[in-house]
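# Descriptive analysis of the structure
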Amino acid sequence: MKVDVLLGLQWGDEGKGKIVDVLAPRYDVVARFQGGPNAGHTLEFDGIKHVLHQIPSGIFRPKTKNIIGNGVVLDPIIFKSEIEKLSQFNLEVKSNLFISKKATLIVPTHRLLDQAYESAKGDNKIGSTLKGIGPSYQDKIGRQGLRVGDILSPNFIEKFKKLTHIHTEILDKYDITYNWSELEKSFFDAVSFLKEFNLVDSEYFINREIKNGSSILAEGAQGSLLDIDFGSYPFVTSSNTVTAGACTGLGVAPRHIGEVYGIFKAYSTRVGSGPFPTELLNEDGERLRKAGNEFGSTTGRPRRCGWIDLPSLKYSIMINGVSQLLMMKADVLNIFPEIKICTHYQLSNGKTSEEMPYELVNEKIIPVYTTLKGWETSLTNISENQMPIELTQYISFLENELSVPITLISTGPDRKQTIHR
Ligand code: GDP
Ligand code: IMO
Ligand code: MG
């Protein structure tokens with residue numbers, strides 16, 4: 001069978017965790033293909049909210065195997081604490097979780113370097129989650145990184161010391177204080193813990209599953225507008241968050257890709273710095289933040305909020321080859337008598353455009369809006385045929401503009417608050 005891909009079309013936090021959990025019973029395998037503990041994927045059911053960072057969001061479904069792919073950067077310390085948090089829920093984590101030996105390791109100095117580089121940037125800071133993502137991907141690309149498979153090597157300690165020595169020499173030039181022996185101890189404790197898990201050649205694993213006819217869902221992290229190549233560079237993350245990233249991050253050939261589920265909020269949010277054309281720095285922005293509880297799942301930072309942005313969504317749909325759209329958090333718009341949709345950008349040269357300009361950071365973009373009437377009613381527990389007419393009109397407008405069907409509407413954080421169309 002084909003590998004379906006689910007990924008965010010905006011700046012992350014679209015609701016990927018919820019939907020992977022909702023769709024997981026249809027899949028034999030769920031596989032994370034990039035990112036690391038910068039991600040915070042929230043799942044909610046039976047009145048409990050879970051936030052996963054590195055563990056795939058299929059973990060609560062007992063029949064689903066979960067893979068952490070080679071494209072992921074894995075922090076063993078955070079991995080250990082995530083697994084410990086899950087221990088109270090009687091999951092078969094040890095038998096249901098498989099970790100690629102080729103996944104890159106985040107070592108404690110990566111986090112320190114992240115801090116050092118960010119503070120040196122001053123006002124131009126990226127707004128990183130400071131989990132060591134950029135520095136660990138730098139080492140991977142610079143061909144000096146450590147990988148999960150290395151922890152099985154007899155000279156792992158030596159390799160670790162060699163890499164962290166390079167890092168501490170850099171850190172000496174910055175004003176960063178740390179307790180090295182403590183960091184080292186918690187790292188090696190976590191590495192021993194990690195050794196107890198299934199460390200696999202995940203590219204063989206996944207291709208065997210494909211050959212055997214298993215259904216596979218690739219779970220993206222972050223969002224397309226944070227992609228290292230196509231996002232609002234340099235205000236991006238350090239991996240390919242787009243569909244192509246699922247191929248390189250799992251070892252899956254492009255011809256094996258099936259459906260591409262593009263997930264988006266009914267409005268827009270962004271956490272961290274960088275351009276955000278439809279950002280609302282007014283009362284409406286505050287109302288979105290409050291109604292949507294828009295605070296980061298990983299860092300708790302308030303998320304910047306704004307109206308939906310069609311030029312950027314069209315861009316993401318194009319880059320990813322999205323075949324189905326999933327619209328999240330429709331309920332957050334319940335309170336608005338009018339809902340705005342950005343259809344074009346007006347650029348500083350006076351021209352309007354439906355495309356994302358190369359220069360996003362220094363260009364002053366003015367969004368051009370169409371206004372639709374809001375539904376101003378609760379969407380809690382409604383079915384598709386109970387949807388208010390204004391919501392149906394909003395969906396039709398988006399489908400018409402984006403030329404891709406919206407096959408799922410989410411009306412609340414719980415698993416059950418989901419309308420399949
Ligand atoms: P992810 O990173 O894409 O998995 O998304 P996050 O978990 O970081 O952020 C999404 C937030 O919205 C979480 O707090 C979810 O519980 C919540 N959420 C998901 N879907 C809905 C929805 O349809 N309505 C509301 N109100 N909240 C939702
Ligand atoms: P999920 O998977 C939202 C943002 C950070 C920062 C930039 C770079 O939960 O959607 P990094 O830590 O990667 O160096 O940060 O990217 N960012 C996210 N924003 N959701 C995420 O993940 C994010 N992961 C990173 O805020 O602006
Ligand atoms: Mg998140």
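Reading the values: the criteria
Residues numbered from 1 in each chain as written. Chains lettered and ligands numbered in written order. Predicted model: local features only at pLDDT ≥ 70, side-chain atom pairs only at ≥ 80, totals over all residues. Heavy atoms only, no water. Helix = DSSP H or I, 4+ residues; strand = E, 2+ residues; numbered from the N terminus. Buried < 20%, exposed > 50% of the residue type's maximum accessible area, 1.4 Å probe, protein only. Contact = heavy atoms within 4.5 Å. Near = heavy atom within 4 Å. Polar contact = N/O pair within 3.5 Å; in protein donor to acceptor, adjacent residues only side chain to side chain. Nonpolar A, V, L, I, M, F, W, Y, C, P; charged D, E, K, R; others polar. Core = buried A, V, L, I, M, F, W, Y, C linked by side-chain atoms within 4.5 Å. Salt bridge = Lys/Arg side-chain N within 4 Å of Asp/Glu carboxyl O.

## A short note on the environment of Lys94
Looking at the secondary structure, you find Lys94 in helix H3 (residues 93–96). The class for Lys94 is partly exposed, based on a relative accessible area of 44%.

## Some details on helix H1 (residues 16–23)
Within H1, eight of the eight residues are buried, leaving the element largely enclosed by the surrounding structure. Every buried residue of H1 is accounted for by Lys16, Gly17, Lys18, Ile19, Val20, Asp21, Val22 and Leu23.

## Considerations on helix H9 (residues 243–250)
Because an α-helix packs 3.6 residues into every turn, residues spaced three or four apart end up facing the same way. The buried count for H9 comes to six of eight residues, which makes it a mostly enclosed element. Among the residues of H9, those classed as buried are Thr243, Gly245, Ala246, Cys247, Gly249 and Leu250. As for H9, its buried residues are in contact with strand E1 (3–8), strand E2 (29–32), helix H8 (202–211), strand E10 (216–223), strand E11 (257–265) and helix H11 (310–320). Gly251 sits one or two positions beyond H9 and adopts a positive phi of about 80°.

## What to know about the site of ligand 1
Close contacts around ligand 1 come from 19 residues, with Lys16, Thr42, Ser297, Asp331 and Ser410 the closest. The backbone of Gly40 places a nitrogen or oxygen atom 2.8 Å from an oxygen atom of ligand 1. Between ligand 1 and Ser297, the relevant distance is 2.7 Å, taken from an oxygen atom to a side-chain nitrogen or oxygen of the residue. Breaking the shell around ligand 1 down by element, the ones donating at least two residues are H1 and strand E3 (41–45). Here the shell around ligand 1 takes three residues from H1, the largest share from any one element. Across the shell around ligand 1, the residue classes tally to three nonpolar, nine polar and seven charged.

## What about the nonpolar core?
In this structure, Leu325, Met327, Leu333, Tyr394 and Leu398 are the most contacted members of the largest nonpolar core, which totals 54 residues. Here this core takes five residues from helix H12 (residues 389–402), the largest share from any one element. Once you skip the residues sitting within four places of it in the chain, Leu398 turns out to touch Phe264, Ile308, Leu310, Met327, Ile341, Ser403 and Ile406. One finds Leu43, Ala103, Phe160 and Phe187 within the second-largest nonpolar core, a separate group that totals 30 residues.

## Thoughts on the pattern of salt bridges
One pass over the full model with this rule turns up 23 salt bridges. Linking Glu294 and Lys329 is a salt bridge whose minimum nitrogen-to-oxygen distance equals 3.0 Å. Placement of Glu294 in the loop between helix H10 (283–291) and strand E13 (304–306) and of Lys329 in the loop between strand E15 (324–328) and strand E16 (338–346) is noted, with a sequence separation of 35 residues between them. In this structure Glu294 comes out as buried when scored by relative accessible area, which is 0%. One salt bridge connects Arg421 with Glu399, and the closest N-O pair in it is separated by 3.2 Å. With Arg421 in the segment after strand E20 (418–420) and Glu399 in helix H12, the pair connects residues that are 22 residues apart, well separated along the chain. Overall, the relative accessible area of 36% leaves Arg421 in the partly exposed class.

Functional significance is not addressed by these values, which are geometric in nature.
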